[in-house]
Amino acid sequence: MDNNEFNEYNQEPRQYPRQNSQRPRKRVSKETFRKRQFAALCVIAFLVLLFVILMAKACSKKPSSDSSGGDAVPAESQTTDVNEEASTEDPAATTTVTTTTTAPIIDPSKAGAIKLDKYTVYLEVGQAPALALITEHPDGMEEADEVWSSDHPEIATVDEWGHISAVSPGTCYVTVKSAKDPSLEATVKVVVAGEPSLEQTANNTTTTTTTKEPQSARAEAPAPSKINDPKAHYEGDVLIVNKSYSLSSDYNPGGLDPTCSEWFNKLVQGAAEDGINIYLSSGFRSYDYQSQIYNNYVGIYGQDTADTFSARPGHSEHQTGLAIDVNIIDDSFRGTPEAEWIAAHCYEYGFILRYPEGKQSITGYKYEPWHIRYVGTEISYALHDIGPDATLEEYYGIDSKY
Ligand SMILES: [Zn+2]
């Protein structure tokens, strides 16, 4: 034991007297220093690694918690939320509101549910075909909600009713959206052909002049081209379709006569200049479609009553592509500013009010302030000169009886 103690003691100078003797102390301290240095480096490295791991965890946690609510939120709706709240609440509160607000998710089945009759329109410079393009409004959307716009108005403009006017050659896109729900939209590609620059300016001037002309001077709306149907009955240039004269069941022009369409556009523009909104509610109707309408009315009212306001198939002017029902197709249209404007001005654009009031025994139909027929200005002015209630039957001395 003693020996051991002694030995221990004797050994001490080798191990402990580092402070006393310089040489061994230096050697030992160098080793220890290296060990300590290594240990310190390990600790630092560990701490750095720990710090990095913690930071990485902290960073990755933040965005993932945002994305649970934020990914589904479209950028637009976030902006809207912030704008709505920003005025009353501090930014921190706004952010909270933004992330917790349920985003209005756009239903893809609803988007684009506005149905159009065509998705590409070919025009020439100066043409304004006043197309009533929408064939179906989605649920909850009305005509009044339509917001029309053109991405290049220098190529084609569009008015609040969707009437497209060609301005200069090029291609642009006309879009209609719902004012209530802008996710409901439809787009029409508009291709405008024509001479550029000088010609274009001249055309624009001409268009402006012609649309305003009917206000002061007589416009020259031509009679429409004659149709190719062996049953068609003409008086002069005027196709007659009434209870006495009908069309073949297979006569189907597929749409409005182009001249009629062109002049209806001008009528709409002229009305708009007077602050009147005229729009097409029913244009061309096929033989089969008229059969459905007529048979439906016969089922409800009986044939005698149905015959006073609905044409039998083959006897409808709508099958000609030359008749248009404007705005509201029922008695509530009577006496409205729109009905009065139509009665007073449609002849300026080559149209006549086909079934005037008090002429049921002559035309075969009761008063229809919404139904106009295109005949061209030669005939429309001739009838207008006779009187506001003049009819084709009286003018040509023909009947309208089944
Ligand atoms: Zn009609």
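First, a word on scope: everything that follows refers to the structure included in this document. (Residues numbered from 1 in each chain as written. Predicted model: local features only at pLDDT ≥ 70, side-chain atom pairs only at ≥ 80, totals over all residues.)

### Observations concerning the overall build of the protein chain
Inference 1: Helix and strand content of the protein chain: 12 helices and 14 strands.
Inference 2: Put simply, the protein chain has 402 residues, and 27% of those count as buried.
Inference 3: For the protein chain, restricting intrachain contacts to residue pairs at least 6 apart in sequence, the fraction spanning at least 24 positions comes to 67%. (Helix = DSSP H or I, 4+ residues; strand = E, 2+ residues; numbered from the N terminus. Buried ≥ 20, exposed ≤ 12 C-beta atoms within 10 Å, placed from the backbone. Contact = placed C-beta atoms within 7 Å.)

### So, unusual backbone geometry
Excluding glycine, residues mostly carry a negative phi; peptide bonds, for their part, are mostly trans.
Inference 1: Of note in this structure, Asn327 is not a glycine but carries a positive phi near 50°.
Inference 2: Take Asn327: it is sitting in the loop between strand S12 (323-326) and helix H9 (337-345).

### Remarks on helix H11 (residues 377-386)
Inference 1: Listed in full, the buried residues belonging to H11 are Thr377, Ile379, Ser380 and Leu383. When H11 is viewed along its axis, its buried side chains cluster within an angular range of 165° and face the same direction.
Inference 2: Next to the buried residues of H11 lie strand S10 (238-240), strand S13 (351-353) and helix H12 (392-396). (Arc of directions from axis to C-beta.)

### Points about the sheet that holds strand S8 (residues 185-193)
Inference 1: Spatially, S2-S8-S7-S4 is the arrangement adopted by the four strands of the open sheet, whose pairing is mixed. Two strands close off the open sheet at either side, each with one partner strand: strand S2 (120-124) and strand S4 (146-150). Direction aside, the axes of adjacent strands within the sheet are offset by 25° on average.
Inference 2: Taken together, the five bridges between S2 and S8 define a ladder with parallel strand orientation. Counted as the bridge partner of Tyr122 is Val191 from S8. (Pairing = 2+ DSSP bridges. Axes fitted to C-alpha atoms, helices over the stretch in contact; angles between N-to-C directions.)

### Points about the nonpolar core
Inference 1: Membership of the largest hydrophobic core comes to 34 residues, with the highest contact counts inside it found for Leu267, Cys346, Phe351, Ile352 and Ile372.
Inference 2: Elements with a minimum of two residues in this core: S10, helix H6 (258-273), S12, H9, S13, strand S14 (371-374) and H11.
Inference 3: Here this core takes six residues from H6, the largest share from any one element.
Inference 4: When near neighbours in sequence (up to four residues on either side) are disregarded, Leu267 contacts Ile278, Cys346, Tyr349 and Phe351.
Inference 5: Membership of the second largest hydrophobic core comes to 13 residues, among which are Leu123, Ala156, Ala166 and Cys172. (Core = buried A, V, L, I, M, F, W, Y, C linked by C-beta atoms within 7 Å.)

### Quick look at the pairing of S8
Inference 1: Here S8 shows a clear split, with Ala186, Val188, Val190 and Val192 buried on one side and none of Glu185, Thr187, Lys189, Val191 and Ala193 buried on the other.
Inference 2: Note: strand S7 (residues 170-178) against S8, eight bridges, orientation antiparallel. Residue pairing for S8: Gly170 is matched across the bridge by Val192.
Inference 3: As consecutive antiparallel partners, S7 and S8 are separated by six residues.

### Structural notes on the sheet that holds S14
Inference 1: The sheet built from four strands is open, its strands ordered S11-S12-S14-S13 with antiparallel pairing. Every interior strand has two partners, whereas the edge strands, strand S11 (280-282) and S13, have only one. The average undirected angle you get between the axes of adjacent strands in this sheet is 45°.
Inference 2: In the sheet, S12 pairs with S14 via three bridges, with the strands oriented antiparallel. By the bridge assignment, Ala323 is partnered in S14 with Arg373.

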